Every structure is written in structure tokens, then in C-alpha cells.
Amino acid sequence: MNARASWDICTGVARDTVNNQGLGSKLRDAASAVEEAAETYRAAALTSNLHNLKTKDFQIMGVPGVRVSEIVYESGMRGGQGRAIYEAVMEGRDEDLCPMCRHSDVSELDHVLPKKAFPALCVAPDNLVGICDFCNSKKSDFTWSDAQKVLLHPHFENVSADVWLAAEVIPGTKGTLVYSVDPPSHWDPVLAARVRNQFKFMEMAKRYGSKAQQTLSGMRKMFDTQLKKKGATGLRVYLKDLAASHQADDLNGWTGVAYDAWAEDADFCRGSFNGTRLPAAKETNLYLPNYKITWVRNSCRHTSAVCYSTAAVGDYADLKRAEEGVSDVRIILDR
């Protein structure tokens, strides 16, 4: 369904009345302008230049944007002849997860560029995306003029071929994860900034961490069974197999990344998920200066998300040094 056909269907029953000054005809006569606007939009989306589009170029002559939204989208698409287009966009993906966060189910139709500010695109299929209610609420009617803050367009931009999502166990916990963005080195800096911005804006670290914690709660008994049967190495292999299974479907899914992070944590594989083998701070050190640990992995320097007491920092540094692929572990005073 192209933009003009969608517009024609959604404005087909709009009426001319004495009081609305030929509103129906004005909307139908705008079909060519809508088609041109959709082509401009598509070209910008294909080249990651949506931030350069101006609202003044996407208006319907003689009709305020709010009015266009009410008649063409609300009455013409959601509650009218264009309902089939609405449902086709909602159901047109291969999976049900929201493409903006990869966390929740698709439940609402979103306008990539807001329908009231860009009324010529209010029923253009390229500008419509099925997303979850959380992301739709967060996104609201925001637009960005900064290229580094523009959210990825689900129809035109795909970063699923590269691994960019990372997670690590927070030392001193029973496997609690902190998620982050670790883009590959070949990415353009603007793309890396956009993914980081979207990750933060959609609160994905918090949402993924919560899901991982729920999963861990249900898997602790299984992990303990594997540990008792096959030891730490056997548990690590088991976790790696689970990670590979999930990542075969989605390289950046929070589930596969969680299992991989648990597998990479030596203390977790020795039983920290049950509260064992966790170095404890001595009471006499509780009010002394706190420390953090930094280390290098994949040519990038990382810093621990939590502080350690004097009694525990050395133990955690040793655990980090024992991890495969980790180098240059340092202890620093947290200021």
C-alpha cells in the first residue's frame, strides 16, 4: 500500500459542508502533495536524514495539522475505511516484539514523525510502525534535529547483523546484570551514538535487567544441578549452549546476552548465583574508602558498576583477571 492509495482511502468519505468550507475536497485534492511528501520522507529515511526534514514542508494547504490528524487518521484510518491498512501495518512483522526495544509485545501503532506536526504523513505506511505501549509513550511527539539522537527507523534501518548489546554481572550480587551498548569498531560514530541514545531513551538497561532477574530466579535450581553434576566448567558450557541457542535467533536479544554474561563470569559459574563464594566486606572496613575495578576486553576499557570495600576489592580483581579475554585489571579509588 503506497501513501497516495492510503490517503485516498482514508479521505474518501470526508464530507464538504457549509460550515467546514469544503474540507473534504481540500483533503482529497491534497493527494498529489501527499504522494510527493511521502517520496521525500522515504528518501530521507533511506539515507538516515529524517532529522533534516522540516514540518513546514509536510502541511496540508488550508487545513491545520490537528484537524488533518482527526479526520484522516483518527476517523479515516483507525475508525474508518482505512482500518485494514492500520491492521496490516500492525500485523506485518515476522515477530511480535517491539522493534524499538526488543522487549515488549507490539500493541500500538506509532507515527515515526508525529502526525500533527507532519500531517501529510499521517497515513503514509512508511511512517507507521507497530510498537509497544511503553515505547510509544516514551517517544510521544518528540522529534530530533540532532543526527546522533534520531531513533532508528524499523522499516529502513537494521542493526541486527552486528553484536552491539553487552551485559556483565555486578560483582557482589547473585548474578544481577547491568546491560550496556558496546558497538563494533566498524560502525559509523553517528550510528553508534544513535544506538546508545535509543538504548538510554527507551530505558532498555533497566527493562532488560528486570527480565534477566526474572529468568535467573526461575533457573537457579537448574544452574545448581549443573554445577553439582559437572562443576564450574560444566555449568559454563551449559550457559554457553543456552546463549548460543538464543543468539542464533537474535544476536542482541537480552536473553542470549544474559546467558553469555553469566557464562563469562567465573564467580557466577562457581556458585555466586546461590550466594556462595561471594567475598564479604569486614565490618571494620565498611566506612573506609570505596574502590572500583577497570579492565580491558575487546580493546575497550570497562569500569565496574559498583564500588567495593577494601576487604573485597582484591578478591574481585583476582576473579576478573581469571576471566578469559580480560587484561590490564586495575584497582582505582572511587571519587
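Per-chain numbering applies: the sequence of each chain, read as written, is numbered from 1 onward. With the structure being a predicted model, the display of local features is reserved for residues of pLDDT at least 70 and the display and counting of side-chain atom pairs for 80 or more, all residues being used for whole-chain, interface and lining totals. The side-chain numbers reported here are obtained from all heavy atoms of the structure, hydrogens and water having been left aside.

(A) Summary view of the overall build of the chain. When its secondary structure is counted, the chain shows eleven helices and seven strands. Radius of gyration (C-alpha) of the chain: 26 Å, far over the 20 Å computed for a compact globule of 335 residues. Across its three principal axes, the chain shows a C-alpha extent of roughly 85 × 40 × 35 Å. For the chain, buried positions account for 47% of its 335 residues. Accessible surface is estimated by sampling points in the Shrake-Rupley manner with a 1.4 Å probe; for residues, cover comes only from the protein chains shown. Summing over all exposed atoms, the chain offers an accessible surface of approximately 17200 Å²; the carbon and sulfur share of this is 49%. Charge counting treats Lys and Arg as positive and Asp and Glu as negative, with His and both chain ends excluded. Each charge is placed at NZ for Lys, CZ for Arg, CG for Asp and CD for Glu. Placing the 41 positive and 42 negative side-chain charges of the chain at their respective mean positions leaves the two points 5 Å apart. The numbering of helices and of strands both runs from the N terminus, where a helix is a DSSP run of H or I of at least 4 residues and a strand a run of E of at least 2. Every radius of gyration here is taken over C-alpha atoms, with the globule rule written as 2.2 Å times N^0.38, N being the number of residues. Three exposure classes are used, based on accessible area relative to the maximum for each residue type with a 1.4 Å probe and protein chains only: buried under 20%, partly exposed in between, and exposed over 50%.

(B) The packing of helix 1 (residues 3-11) against helix 4 (residues 65-78), seen in detail. Lines fitted to C-alpha atoms define the axes, with helix axes restricted to the stretch in contact, and inter-axis angles between N-to-C directions lie between 0 and 180 degrees. Following both chains from N to C, one finds helix 1 and helix 4 inclined at 85°, their axes separated by 8 Å at the closest point. Taken together, the axis directions place helix 1 and helix 4 in an arrangement best described as roughly perpendicular. Note on element contacts: helix 4 touches helix 1 through Val 68, Ile 71, Val 72, Gly 76 and Met 77, opposite Ser 6, Trp 7, Cys 10 and Thr 11. The nonpolar class holds Ala, Val, Leu, Ile, Met, Phe, Trp, Tyr, Cys and Pro. Asp, Glu, Lys and Arg form the charged class, and all remaining residues, Gly among them, are polar. For the contact of helix 1 with helix 4, the residue count by class is six nonpolar, three polar and no charged. Comment on the angle field: the value is read as roughly parallel under 35 degrees, roughly antiparallel over 145, roughly perpendicular from 65 to 115, and oblique elsewhere. Any two residues whose heavy atoms approach within 4.5 Å at even a single point are treated as in contact.

(C) The arrangement of the side chain of Glu 157 in detail. As for its position among the elements, Glu 157 is in the loop between helix 6 (133-139) and strand 3 (165-169). Pairs of N or O atoms within 3.5 Å make up the polar contacts considered here, provided that, within protein, one atom can donate a hydrogen while the other can accept it, and that residues adjacent in sequence are counted only when both atoms are side-chain atoms. Reaching out from Glu 157, the side chain makes a polar contact with the side chain of Ser 48 at a distance of 2.7 Å. If we ignore the near neighbours within four places in the chain, the residues touching Glu 157 are Ser 48, Leu 151, Leu 152 and Arg 194.

(D) Fine view of unusual backbone geometry. Even without being a glycine, Arg 102 presents a positive backbone phi close to 55°. Tracing the backbone through its elements, the reader meets Arg 102 in the loop between helix 5 (83-91) and strand 1 (108-111). Despite not being glycine, Asp 328 has its phi angle at roughly 50°, a positive value. Following the sequence through the fold, Asp 328 ends up in strand 7 (residues 326-333).

(E) Structural context of the environment of Tyr 259. Position of Tyr 259 relative to the elements: it lies in helix 9 (residues 254-264). Measuring from C-alpha to C-alpha, the distance between Tyr 259 and Ser 245 comes to 10.0 Å, with 14 residues separating the pair along the chain. Once residues within four sequence positions are removed from consideration, Tyr 259 is found in contact with Thr 215, Met 219, Phe 223, Leu 239, Leu 242, Ala 243 and His 246.

(F) Seen up close, the side chain of His 153. Tracing the sequence through the fold places His 153 in the loop between helix 6 and strand 3. A relative accessible area of 1% places His 153 in the buried class. Within polar-contact distance, the side chain of His 153 engages the side chain of Tyr 41 at 2.7 Å. A distance of 3.2 Å separates a polar side-chain atom of His 153 from the backbone oxygen of Asp 126. Once residues lying within four places of it in the same chain are set aside, the contact partners of His 153 are Tyr 41, Ala 45, Leu 50, Val 112, Asp 126, Val 129 and Arg 194.

(G) View of helix 3 (residues 31-46). Along its 16 residues, helix 3 runs 23 Å from first to last C-alpha, staying within 8% of the 22 Å computed at 1.5 Å per residue. Against the buried residues of helix 3 lie helix 1 and helix 2 (23-29). The span you would expect from a helix comes to 1.5 Å times its residue count less one.

(H) Examining the sheet that holds strand 6 (residues 300-303) more closely. Strand order in the open sheet formed by three strands is 6-5-7, and the pairing between neighbours is antiparallel. With one partner strand each, in any of the chains shown, strand 6 and strand 7 form the two edges of the open sheet. Between one strand axis and the next, the sheet turns by 20° as a mean value, whatever way the strands run. For two strands to be treated as a pair, DSSP must find at least two bridges joining them. Alignment of strand 5 (residues 291-297) against strand 6, held across four bridges, turns out to be antiparallel. Its bridge partner being in strand 6, Trp 295 is matched across the sheet by His 302.

(I) Main features of the pattern of salt bridges. Here, a salt bridge means any side-chain nitrogen of Lys or Arg that lies within 4 Å of a carboxyl oxygen of Asp or Glu. Overall, the coordinates contain 21 salt bridges when judged by the stated rule. For Arg 78, the salt bridge is made with Glu 74, and the minimal N-O distance between the two is 3.5 Å. Here the residue Arg 78 and the residue Glu 74 both occupy positions in helix 4, the gap between them amounting to four residues, near one helical turn. Among the salt bridges present, the one from Asp 328 reaches Arg 330, with a minimum N-O distance of 2.9 Å. Under the relative-accessibility criterion, Asp 328 is labelled partly exposed at 35%. Shared partners join several salt bridges into a network, and the residues in it are Arg 236, Lys 240, Asp 260, Glu 264 and Glu 324.

(J) Molecular detail of the nonpolar core. To qualify as a nonpolar core, a set must consist of buried Ala, Val, Leu, Ile, Met, Phe, Trp, Tyr and Cys residues joined through side-chain atoms within 4.5 Å. Within the largest apolar cluster, 84 residues are counted, with the highest numbers of intra-cluster contacts made by Trp 7, Leu 27, Tyr 179, Phe 223 and Trp 262. Among the elements that take part in this core, helix 8 (residues 204-249) stands out by supplying eleven residues, more than any other. Not counting residues within four places of it along the chain, the set of residues in contact with Phe 223 comprises Leu 216, Leu 235, Tyr 238, Leu 239, Leu 242, Tyr 259, Trp 262, Phe 268 and Phe 273. Core analysis: the next-biggest nonpolar cluster, separate from the first, contains ten residues, Tyr 308, Ala 312, Leu 319 and Val 329 among them.

(K) Molecular detail of the confidence of the model for the chain. Across the chain, the average pLDDT comes to 89, with 95% of residues at or above 70. How sure the predictor is of each residue is captured by pLDDT, a score from 0 to 100. Of all the helices and strands in the chain, helix 11 (residues 310-321) carries the lowest mean pLDDT, 79, while helix 3 carries the highest, 96. Across residues 278-287 the pLDDT falls below 50, and counting only partners more than four positions away or on other chains, this stretch makes 16 contacts in the model.

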